[in-house]
Amino acid sequence: MMFTITVCFFISIFYSLLVLFCARQTGLAKHPAAENRLAASQRPRLMPPHAACSRIKCDFFSCPAYWLEAGIFGLSVYLNLLLGILTADGDSAYFVHVIAHFIESDVPFAGIYANGGITYPPLFQYLYYVLAQIIRLLHIPVDTTCEAFILTVKLPGIFCEFLMAWLLYRTAAKNFKRRQKVPVLLLTLLNPAYLFVTAYICQIDALYVCLLFITVLLICENRLKLSYAAFAAAVLCKYQAIFITPVVLFATFRHVCLDGFSWKKFWTHAAAGFSAIFCMFLSYLPFVWNISAGCFYNGGLTGNFTRSIQSYGWASQNTYNFWNLFGYNFRSEELFFGPLRCVDWGTLFIALLVLLSAVHFWQHKNDRSAAPLIGSVLVSGTVCFATRMMPRYLYAAVPLLILGFVQKPTRKRLLCAVGFSVLFFLLTVFDYVVYPVFAYTPKLVLPKLLSVLFLGGFVYLNGVLFCEKRSGRRC
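Residues numbered from 1 in each chain as written. Predicted model: local features only at pLDDT ≥ 70, side-chain atom pairs only at ≥ 80, totals over all residues. Heavy atoms only, no water.

1. Observations regarding the environment of L155
Phase 1: Positionally, L155 belongs in helix α7 (residues 147-172).
Phase 2: What makes L155 partly exposed here is its relative accessible area of 39%. (Helix = DSSP H or I, 4+ residues; strand = E, 2+ residues; numbered from the N terminus. Buried < 20%, exposed > 50% of the residue type's maximum accessible area, 1.4 Å probe, protein only.)

Structure representation (structure tokens):
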């Protein structure tokens with residue numbers, strides 16, 4: 001146990017120092033875009049206190065940038081494949097069940113939501129139906145002891161991680177010099193949390209997080225109509241995507257109402273939004289329509305959503321957040337915490353988070369680069385204060401924070417991206433390896449310390465947003 005904890009903290013510290021060191025060596029933190037894009041000649045050339053140290057360059061960074069990028073990419077591919085063939089718990093048992101069903105059933109989709117328990121939304125089912133047919137054609141045994149099978153079911157999530165890395169790299173190319181993109185690749189391709197959650201423990205959060213990432217990226221690029229489709233696809237992949245709904249609504253309000261209102265703009269965006277909703281409804285039809293009876297399955301349309309929302313009725317599902325700090329981990333959300341039940345407090349906290357995000361939006365209504373940070377506030381705040389939360393739900397905050405840093409590369413945004421990457425890694429490793437459900441006790445000290453770190457990270461993230469508005473420059 002102590003060895004595992006030591007290794008976790010060593011990986012976290014090494015990863016943090018490596019990214020910060022690369023950012024310093026490449027001069028990324030001093031990029032002009034972080035200072036309102038002023039030309040270097042327009043700023044006074046003051047020698048900072050660390051000027052002597054900054055002149056010391058590592059010989060490693062004297063080689064061409066493409067060699068560094070190729071090395072990071074190759075190492076990431078190797079680690080993902082190495083971890084991908086290992087079997088961990090995660091959702092592997094569910095994959096065996098659903099893929100075997102898709103291979104054997106003549107009517108693979110009908111009645112799944114009406115007759116089954118907690119299952120994933122339609123887009124996930126369609127994706128793994130295609131994967132099931134590939135597995136059938138290749139004659140891969142549907143067994144978690146088969147390395148080919150377990151790697152195949154992990155490949156969609158691994159692919160989504162590389163897709164997010166490529167989109168971040170492409171976005172960074174607009175603001176960064178060639179060598180300055182190396183820290184961005186380290187943040188994404190060698191992120192220990194990504195490797196652990198997707199490549200090792202066989203979770204598919206990368207699928208919906210990738211679509212959420214694309215949604216916010218499109219918002220930053222002012223391509224809102226496409227962002228509606230991406231957001232609808234994210235919700236159809238996993239319902240936790242609704243965490244960032246206010247970001248989509250705020251961006252629509254800014255574009256339609258604040259950037260010159262016109263009825264033509266209003267109706268075109270309304271048509272795009274309702275088209276996305278209509279497509280969501282159509283995606284459910286194969287699951288909820290009983291072809292033989294000519295009617296809907298009883299509870300099929302809403303049952304899947306309500307079962308997913310109401311599942312795991314604990315105040316904290318081994319997430320070292322606000323509730324764990326007060327001893328409510330693995331305890332019912334119906335218990336009272338002061339004058340209200342935990343579930344009522346969770347609902348109140350979510351309402352306050354939406355209000356807080358509205359304040360951030362109004363302060364940064366002319367700055368689209370704040371959208372990823374506001375989305376991260378919503379995701380991290382929900383995981384920290386709401387009930388029924390799992391550590392994996394923090395996944396979406398990490399790529400959004402990296403995107404926020406790429407959009408406006410400041411030191412504090414970099415610290416947020418690195419800090420939440422480490423926090424997410426520690427939370428998931430402690431949940432699955434160090435203190436799983438059978439090993440956790442309320443007297444443990446490290447989970448309490450991680451809860452304090454989580455709360456501190458959330459406060460720091462909000463402080464960065466308020467600080468940027470107040471200073472109007474690099475913060």
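2. Examining the pattern of salt bridges
Phase 1: Tallying each qualifying case throughout the model produces eleven salt bridges.
Phase 2: E221 is paired through a salt bridge with R170; the nearest N and O atoms lie 3.3 Å apart. Of this pair, E221 sits in the loop between α10 (205-220) and α11 (224-237) while R170 is found in helix α7, placing the two residues 51 residues apart along the sequence.
Phase 3: The exposure class assigned to E221 is partly exposed, which follows from its relative accessible area of 21%.
Phase 4: Look at R170 and you get partly exposed, because its relative accessible area is 32%.
Phase 5: Between R341 and E334 there is a salt bridge, and its shortest N-O distance comes to 2.4 Å.
Phase 6: The class for R341 is partly exposed, based on a relative accessible area of 27%.
Phase 7: Judged by its relative accessible area of 39%, E334 is partly exposed.
Phase 8: A cluster of three or more residues bridged by salt bridges with shared partners is formed by R170, K174, E221 and R223. (Salt bridge = Lys/Arg side-chain N within 4 Å of Asp/Glu carboxyl O.)

3. Some words on the environment of V429
Phase 1: Here V429 lies in helix α19 (residues 411-434).
Phase 2: As a C-alpha pair, V429 and P391 span 38 residues in sequence and 9.3 Å in three-dimensional space.
Phase 3: For V429, the contacting residues outside a window of four places in its chain are C8, F196 and V434. (Contact = heavy atoms within 4.5 Å.)

4. Some details on the packing of aromatic side chains
The geometry of an aromatic ring pair is captured by two quantities: the separation of the ring centres and the angle between the planes.
Phase 1: Overall, the coordinates contain 40 aromatic pairs when judged by the stated rule.
Phase 2: Taking the centre distance of 6.2 Å and the plane angle of 50° together, the rings of F176 and F405 count as tilted. With a gap of 229 residues between them, F176 in the loop between α7 and α8 (182-189) and F405 in helix α18 (residues 397-407) connect regions that are remote in the sequence. Residue F176 shares its accessibility class with F405, and that shared class is buried.
Phase 3: Aromatic ring contacts, followed pair by pair, group F322, W323, F326, Y328, F337, W345, F349, F385 and F458 into a single cluster.
Phase 4: The ring of Y328 carries the charged tip of R331 above its face, separated from the ring centre by 5.1 Å.
Phase 5: The ring of W362 has K365 sitting right over it, with the charged end atom 4.5 Å from the ring centre. (Phe/Tyr/Trp six-rings, centres within 6.5 Å; stacked < 30°, edge-to-face > 60°. Lys NZ or Arg CZ within 6 Å of the ring centre and 35° of its normal.)

5. Notes on helix α9 (residues 192-200)
Phase 1: Of all nine residues making up α9, eight are buried, and the element is well covered by its neighbours.
Phase 2: Those residues of α9 that fall on the buried side of the exposure criterion are P192, A193, Y194, L195, F196, V197, T198 and A199.
Phase 3: In this structure N191 caps α9, since a side-chain oxygen of it lies 3.0 Å from the backbone nitrogen of A193.
Phase 4: Backbone geometry just after α9 places C202 at a positive phi near 65°. (Polar contact = N/O pair within 3.5 Å; in protein donor to acceptor, adjacent residues only side chain to side chain.)

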